[in-house]
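Structural overview
Chain residues, written in single-letter form:
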Amino acid sequence: MAAYAICVRDGQILLARSPSQDGTPEWVLPGGGMEHGEDPYDTVVREVEEETGYRIEVTGLLGVNSSQRVFRDGFRRPVDHHGVRFVYEGRIIGGELRNEVNGSTDLAAWQDLDAVPGLVRISMVDIALRMWRERPVTGRLADALE
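Attention in this report is confined to the structure presented alongside it. Remember, it's a predicted structure, so these values are computed and weren't measured experimentally.

Reading guide: rules and limits
- Residues numbered from 1 in each chain as written.
- Predicted model: local features only at pLDDT ≥ 70, side-chain atom pairs only at ≥ 80, totals over all residues.
- Heavy atoms only, no water.
- Salt bridge = Lys/Arg side-chain N within 4 Å of Asp/Glu carboxyl O.
- Helix = DSSP H or I, 4+ residues; strand = E, 2+ residues; numbered from the N terminus.
- Buried < 20%, exposed > 50% of the residue type's maximum accessible area, 1.4 Å probe, protein only.
- Pairing = 2+ DSSP bridges.
- Axes fitted to C-alpha atoms, helices over the stretch in contact; angles between N-to-C directions.
- Contact = heavy atoms within 4.5 Å.
- Phe/Tyr/Trp six-rings, centres within 6.5 Å; stacked < 30°, edge-to-face > 60°.

**Comments concerning the pattern of salt bridges**
Tallied over the full model, the rule gives nine salt bridges. Here Arg 46 ties to Glu 35 by a salt bridge, and the two come within 3.7 Å at their closest N and O atoms. Of this pair, Arg 46 sits in helix α1 (residues 40-52) while Glu 35 sits in the loop between β5 (31-33) and α1, and the two are eleven residues apart along the sequence. What makes Arg 46 buried here is its relative accessible area of 19%. For Glu 35, a relative accessible area of 48% translates into the label partly exposed. Glu 50 is paired through a salt bridge with Arg 46; the nearest N and O atoms lie 3.2 Å apart. Pair noted here: Glu 50 and Arg 46 are both in helix α1, with a separation of four residues, about one helical turn. Put simply, Glu 35, Glu 38, Arg 46, Glu 47 and Glu 50 are held in one network by salt bridges that share partners.

**Some remarks on the sheet that holds strand β7 (residues 79-95)**
Read from one edge to the other, the open sheet built from four strands follows the order β5-β1-β7-β6, with strand pairing classed as mixed. Sheet topology places β5 and β6 (54-71) at the edges, where each strand pairs with a single neighbour. Looking at each pair of strands side by side, their axes are set apart by 20° on average, direction ignored. Both strand β1 (residues 2-6) and β5 contribute to a ladder of three bridges, which runs antiparallel. When the sheet's bridge partners are listed, Tyr 4 is paired in β5 with Gly 31. Helix-sheet contacts for α1 involve β1, β5, β6 and β7, and the interaxial angle to β6 is about 100°. Lying over the sheet, helix α2 (residues 123-134) contacts β1, β6 and β7, oriented at roughly 130° with respect to β6.

**Digging into the packing of aromatic side chains**
Under the definition given, this model contains two aromatic pairs. Each ring, one from Tyr 41 and one from Tyr 88, has its centre 6.3 Å from the other, and the planes form 85°; the classification is edge-to-face. Within this pair, whereas Tyr 41 is found in helix α1, its partner Tyr 88 is found in strand β7, the two being separated by 47 residues in sequence. The exposure class of Tyr 41 is partly exposed, given its relative accessible area of 39%.

**With respect to unusual backbone geometry**
One non-glycine residue, Asn 102, adopts positive backbone phi at about 55°. Tracing the sequence through the fold places Asn 102 in the loop between β7 and β8 (107-112). Residue Asn 102 is classed as exposed on the basis of its relative accessible area of 82%. Positive phi, close to 45°, is recorded for Arg 135, a residue that is not glycine. Mapped onto the fold, Arg 135 is located in the segment after α2.

**Topic: the pairing of β1**
In terms of burial, β1 is a largely internal element, five of the five residues being buried. The pairing of β1 with β7 spans five bridges and is classified as parallel. Across the sheet, the residue bridging to Ala 3 is Phe 86, located in β7.

In short, geometric facts, not functional conclusions.
Right under this line is the structure:
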């Protein structure tokens, strides 16, 4: 389980950069995995600060996204992974933009919303942007299953 924030201001979205499995840098939403016993709300607040330096106020729960994949790693047995991701909307209330040190991301930056389609990014960025734009009453984009 994981929690992510979509923070948009002045036509820009806050993103973090992380290496993919092959090492190629790709843009991701600030956020990440929940610690044992941690509430998703607390996770997103903690993760955004760790990855970007910003403190946020959570202004709403946009939705929940679920993914299911089978991972194969060399000669090991396949692993059936089910991910559940909470997507929150956040507003910056303090802190200063900085890059994460010794973490899962190496760069935090504001990107123009119009430029997002041209970025190398994970699909969760697009899913979260749709949730932000469409604000589905059920919190679910039925056709956005991964």
